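# Coordinate inspection notes
Listed here are the chains, written in short residue letters.
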Amino acid sequence: IQQVLLVDELQQWVEQYRSKASEGKCASYIPALDRTDPNQLGICIIEPTGKMHTAGDWEVPFTMQSISKVISFIAACCYHGIPYVLDRVDVEPTGDAFNSIIRLEMNKPGKPFNPMINAGAITTSSLLPGQTPDHKLRYLYAFFSKITGATPTVNEEVFLSEWENSHRNRALAHYLKDTGYLACEVEDALEVYLTQCSIEVTTEQIALIGLLLALDGYHPMRNEQVLPKDVVRLAKALMLTCGMYDASGKFAANVGLPAKSGVSGGIMTLVPPNRKPHSPFQDGCGIGIFGPSIDGCGNSVAGVSLLKHMAQEWDVTIF
Ligand code: GLN
């Protein structure tokens, strides 16, 4: 009975917030993303029992974009250990746009402020093990498969579209190379970073990753610790403070959940187990959203509105 109620509610909210798409637009700096239908909105919620609640365009594939930053960061930490990675990328929010260049000369010159913005994520991608982009990507794909059980596919059209228009990311990477923070050649780091951004997922896969994060790396259906607890907690702290870029403060204030967005309109978020008897997700859940019309900060307009509404209605917050 509960599931039916939730799905009915979800469907109603999705239809209600779909119209919010008109307040934003699809990312135009990546031409392939600009061709997406902006009025799509879908959501998938997965509980530790494996029970799944879905509504709207939840099955539509989209490229992960910046959501991949969480995965590559976790993968790099699993391989090198946390201290090695944090020597090369900091954990401070910037309050600047995700692709901003301005702060790279501050702090320790060249040290990116955090791995959830482009400068930090390009650095993280360069840290993945392997001498060539292929090796690094193979490690990342294997990591992705290990946690999701799915084989990643790359959307070549989106990759090429961004590769040809990646002047800003190239500028960031050159600066990082100059200051010694980039662990490989500029073009190789960009190839890894832009390919990981072009991995296609559905809301179901990011909801599953969200669920694993909610449970500190424990995979409830496989009854297995698939990710180290300390790395997952660090990733969640970064999602809360930096995951929605220069709107992370507002998102924490209005929704109150660790989340990571991408310019294709995806949002990966999670509810940790809270044991509140009246909460529909007291054992925690992972949430995946897709709504390609984004705001000026690069976050899904309809997705953020839907999450704000859900968090209030269902009383889910980490605070
Ligand atoms: N691939 C995108 C970029 O580097 C990812 C940015 C994002 O999703 N915010 O610009």
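Residues numbered from 1 in each chain as written. Predicted model: local features only at pLDDT ≥ 70, side-chain atom pairs only at ≥ 80, totals over all residues.

Under an unreviewed UniProt entry, the name given to the chain is Glutaminase, and the source organism is Brevibacillus porteri. Looking at the chain in UniProt, the text filed under Subunit (unreviewed entry) is "Homotetramer." (UniProt positions renumbered as here; feature names shortened; annotations may be inferred.)

With that out of the way, let us pick up the domain arrangement of the chain. The figure often quoted for interface size is the accessible area lost as the parts come together. Domain annotation for the chain reports domain 1 (2–61 + 202–221 + 238–314) and domain 2 (65–199). Placing a centre on the C-alpha atoms of domain 1 and another on those of domain 2 gives a separation of 23 Å. Where the side of domain 1 that touches domain 2 is concerned, the elements lending two or more residues are α2 (31–34), α10 (203–214), α11 (229–242), β8 (259–261) and β9 (266–271). No other element matches the five residues that α10 contributes to the side of domain 1 that touches domain 2. (Domains from an automatic or database assignment. Helix = DSSP H or I, 4+ residues; strand = E, 2+ residues; numbered from the N terminus.)

Attention now goes to the site of the ligand. Surrounding the ligand, one finds Gln-65, Ser-66, Phe-98, Asn-99, Asn-118, Glu-162, Asn-169, Cys-197, Gly-262, Val-263 and Gly-298. Grouping the amino acids of the shell around the ligand by side-chain chemistry returns three nonpolar, seven polar and one charged. In this structure, the shell around the ligand is formed jointly by two domains, domain 1 (2–61 + 202–221 + 238–314) and domain 2 (65–199), each of which donates at least three residues. (Near = placed C-beta within 6 Å. Nonpolar A, V, L, I, M, F, W, Y, C, P; charged D, E, K, R; others polar.)

Attention shifts here to the UniProt feature "binding site: substrate" (unreviewed entry) in the chain. The UniProt record marks Ser-66, Asn-118, Glu-162, Asn-169, Tyr-193, Tyr-245 and Val-263 with the feature "binding site: substrate" (unreviewed entry), using the residue numbering of this structure. Take Ser-66: it is sitting in the loop between β3 (62–63) and α3 (68–80). By the C-beta count within 10 Å, which is 26 here, Ser-66 ends up buried. Along the chain, Tyr-245 turns up in the loop between α11 and α12 (248–254). Classification of Tyr-245 by C-beta neighbours within 10 Å gives buried; the count is 25. (Buried ≥ 20, exposed ≤ 12 C-beta atoms within 10 Å, placed from the backbone.)

The next subject is the pairing of β9. Of all the six residues making up β9, six are buried; the element is thus mostly covered by neighbouring parts of the structure. Side chains Gly-266, Met-268 and Leu-270 project from β9 onto one buried face, and the interleaved Ile-267, Thr-269 and Val-271 project onto a second face that is buried too. Bridge analysis of β8 against β9 gives three bridges, and the strand direction is antiparallel. Counterpart to Ser-261 in the pairing with β9 is Ile-267. Where β8 hands over to β9, the hairpin turn is made up of four residues, of which Gly-265 adopts a positive phi near 105°. (Pairing = 2+ DSSP bridges.)

Here we come to the sheet that holds strand β2 (residues 52–56). Read across the sheet, five strands follow the order β2-β1-β10-β9-β8 without closing on themselves; strand pairing throughout is antiparallel. Two strands lie at the open edges of the sheet, namely β2 and β8, each paired on one side alone. Each neighbouring strand pair of the sheet contributes to a mean axis angle of 10°, computed without reference to strand direction. In terms of strand pairing, strand β1 (residues 42–46) meets strand β10 (residues 285–290) through five bridges, oriented antiparallel. When the bridges of β10 are listed, Gly-42 appears paired with Phe-290. Of the strands in this sheet, β1, β9 and β10 touch α10, which is tilted by about 150° from β10. (Axes fitted to C-alpha atoms, helices over the stretch in contact; angles between N-to-C directions. Contact = placed C-beta atoms within 7 Å.)

With that settled, the discussion passes to the packing of helix α6 (residues 133–148) against helix α9 (residues 186–197). Direction vectors running N to C along α6 and α9 enclose 30°, while the axes themselves pass 9 Å from each other. Our classification of the angle between α6 and α9 gives roughly parallel. Between α6 and α9 lies a crossing of right-handed hand. Side by side, α6 and α9 meet where Pro-133, Lys-136, Leu-137 and Leu-140 of the first sit next to Asp-188, Glu-191, Val-192, Thr-195 and Gln-196 of the second. Considered class by class, the residues forming the contact of α6 with α9 number four nonpolar, two polar and three charged. (Parallel < 35°, antiparallel > 145°, perpendicular 65-115°, else oblique. Left-handed = near helix turned anticlockwise from the far one by under 90°.)

Bringing the sheet that holds strand β4 (residues 153–154) into the picture now. One open sheet accounts for three strands, arranged β3-β5-β4; its pairing is antiparallel. Every other strand in the sheet has two partners, leaving β3 and β4 as the edge strands with one partner each. Judged from the two bridges that link them, β3 and strand β5 (residues 199–201) form a sheet pairing that is antiparallel. Bridging across to β5, Thr-63 finds its partner in Glu-200.

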